[in-house]
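The chain contents come next:
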Amino acid sequence: MRIPRVLVALAVAVCAFVPPGDRPAAGPPGVGRVRPATALDEAWGAYAERPGRSHWTGGDSTYSVATAAGELWVFSDTFLGTVRADGSRPPVAGAGGTTPFVHNSFVLWPAAGRPRTVTGRDRSGGPAPVVSGPSRDQWYWARAGVAEGRGAAIVYARYARTGSGPLDVAWQGNVLARFGPGRPDRPRSLTPLPSSARTTWGAWLERQGGHTYVYGTEQGPLGAHYLRLARVAGSDLRRPWQYWTADGKWSARESRSARLTGADGAALRTSDELSVVRHGRWYALVTQRSDEPFSAQVQLAWSRTPHGPFTRPRTVYTAPEAGPSGTYRNRNVIAYNPHEHPELERPGELVVSYNVNSLVPQDVIDRAGVYRPRFLRVTLGPPGG
C-alpha cells in the first residue's frame, strides 16, 4: 500500500514538535574494550614492596576519595610491614611474627610526591586502625567516602566475630568518620548513622542534583546482597535521611526503605560493595555476579535514575586470578567487591577495582601479592555495543 503524501507530511510535522524529553530514549552505553589497568596494578605492586615497618603491603575494600591533599585510598583489612625477597610476608604479629595487621587504613597518594601509609597508633606507638573499634572483639571495615571541604567523610561498618572461620562475622551498625585537612590518621568526629533496618549503608555515595545518594546492602542468600537507597540534602551525611520506598516515594522512616529492582520488577541482587556512578543520562552499577558464591565475574547494569530499575547485570570481565584454573592455581583464591573510581577516568570509560584474597589466611602470608587490588579500564561504546 502507498501511504498518501499528506499523511507522511503530517507525521513529520507532529514529530518535529514533540519535546526532546518525550522522545524514546536511546539505550544505555555499550561496552567496548575491557582491559587491565596495568599502570595502576604495577604502581600498587611497587608500592607494596617498599620496606617499612608500618608500610602498606596489601588491603581490601579499595575505595578512593579525591581530596585537597591528594588521592585518599580507603582500605579495610590491611597488612603492613615488609614483603620478603621470596614474595612472602613474615607471620602476623598476633601469631608470633612481625607483620602488623589492622582492620582499616589509608594510603594518601599526592599528585606530586611519594605516597604514604596512614594508620592510627596504639598506646605503645605501634600501628592501629585509623578508626578503632569499641572493644577488642569489634572493629570497623571501610565503606565509601566523599570529600568534605579540604578533608573527607568516610562511612564505616562495625562488625563482631561470631566464630573461628574467616567468614564468621556479623554486622553491628554504621558510623560516619569525618577527617579534617592534614589529619587523616585521626577522625575529628564519629557519628552513628541509621542502622535499624539491617542495612549496611555506604556501599556507595553519589552526589547528584543537590543530594548525596547513599546506597546500602542487605545480606541475602548464598552471599548475595539486596540494594537499598537513601539520600540527604546537600553533602553532610549527618543531616536527616530519606529512604526510597516500594511505592516510589521518599520516606523519613528507615523501616520503609525498599529493595531496588531490575527491569523485571524483581529485587536486584548485588555484591556487598559496589558503585553507582552517573555517566551522561545513565547511572552505571558496577557489581559482582551474585547467583554463584565467590563468582569472579565483574558485572555492569544501567538505570536512568539513581533508584532504578536497573537493566539485567551483564558480565564484562572475569578476574583471572581466582579459582583452581586462575593465575595462582588455587581454588581458595577469590575476587570480590568491584567498584568504580570516577576521579581517575577519562571521558567514555570506567576505571574499576576489585579485591583478591584467599579463603585460607595462610595463602596471603605465603604469597603477599595475592592480597592486593586489581584495576580495569572499561571503554564505553554506542548503545547496544
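Each value, and the rule that gives it
- Residues numbered from 1 in each chain as written.
- Predicted model: local features only at pLDDT ≥ 70, side-chain atom pairs only at ≥ 80, totals over all residues.
- Heavy atoms only, no water.
- Pairing = 2+ DSSP bridges.
- Helix = DSSP H or I, 4+ residues; strand = E, 2+ residues; numbered from the N terminus.
- Axes fitted to C-alpha atoms, helices over the stretch in contact; angles between N-to-C directions.
- Phe/Tyr/Trp six-rings, centres within 6.5 Å; stacked < 30°, edge-to-face > 60°.
- Lys NZ or Arg CZ within 6 Å of the ring centre and 35° of its normal.
- Buried < 20%, exposed > 50% of the residue type's maximum accessible area, 1.4 Å probe, protein only.
- Polar contact = N/O pair within 3.5 Å; in protein donor to acceptor, adjacent residues only side chain to side chain.
- Contact = heavy atoms within 4.5 Å.
- Arc of directions from axis to C-beta.
- pLDDT = per-residue confidence, 0-100.

1. Observations regarding the sheet that holds strand β21 (residues 275–279)
Thought 1: Pairing is antiparallel in the open sheet, where four strands are placed in the order β21-β22-β23-β24. Of all the strands in the sheet, just β21 and β24 (314–318) have a single pairing partner and so form its edges. Ignoring strand direction, the axes of neighbouring strands in this sheet form an average angle of 30°.
Thought 2: Of the strand pairs in this sheet, strand β23 (residues 297–303) and β24 are connected by four bridges, and their pairing is antiparallel. Bridge pairing in β24 links Q297 to T318.

2. Some words on the packing of aromatic side chains
Thought 1: What the rule picks out here adds up to 21 aromatic pairs.
Thought 2: Between F106 and F179, the aromatic rings sit 5.1 Å apart at their centres with planes inclined by 80°, giving edge-to-face as the arrangement. In this pair, F106 is assigned in strand β7 (residues 105–109) and F179 in strand β13 (residues 169–179), connecting sequence segments 73 residues apart.
Thought 3: On the numbers, 4.7 Å between centres and 45° between planes, the contact of W141 with Y159 is tilted. Linking W141 in strand β11 (residues 138–148) with Y159 in strand β12 (residues 151–161), this pair joins segments that are 18 residues apart in sequence.
Thought 4: Pairwise contacts between aromatic rings join W44, Y47, W56, W73, F75, W109 and F375 into one cluster.
Thought 5: It is R259 that lies over the ring of Y226; its NZ or CZ is 3.7 Å from the centre.
Thought 6: Across the ring face of W282, the terminal group of R304 is positioned such that the distance to the ring centre comes to 5.0 Å.

3. What about the side chain of R178?
Thought 1: With respect to the helices and strands, R178 occurs in strand β13.
Thought 2: Residue classification places R178 among the buried positions, given a relative accessible area of 11%.
Thought 3: For R178, the side chain forms a polar contact with the side chain of E148, separated by 3.0 Å.
Thought 4: Among all residues touching R178, those that are not within four sequence positions of it are E148, A152, A153, P187, R188, S189 and R238.

4. Focus: the side chain of T217
Thought 1: Along the polypeptide, T217 turns up in strand β16 (residues 211–219).
Thought 2: Within the structure, T217 has its side chain in polar contact with the side chain of R143 (distance 3.0 Å).

5. Side note on helix α2 (residues 38–48)
Thought 1: Those residues of α2 that sit buried are L40, W44, G45, Y47 and A48. Within α2, the buried residues cover an arc of 165° as seen down the axis, which keeps them to one side. Turned more than 90 degrees from where α2 packs its buried face, A39 and E42 sit exposed.
Thought 2: On its buried side, α2 packs onto β2 (56–59), β4 (70–75), β7, β8 (116–118), β26 (349–358) and β27 (374–381).

6. Some points on the confidence of the model for the chain
Thought 1: Mean pLDDT for the chain: 92, with 93% of residues reaching 70 or above.
Thought 2: In the predicted structure, residues 1–24 sits below a pLDDT of 50 and forms four contacts with residues beyond four places in sequence or in another chain.

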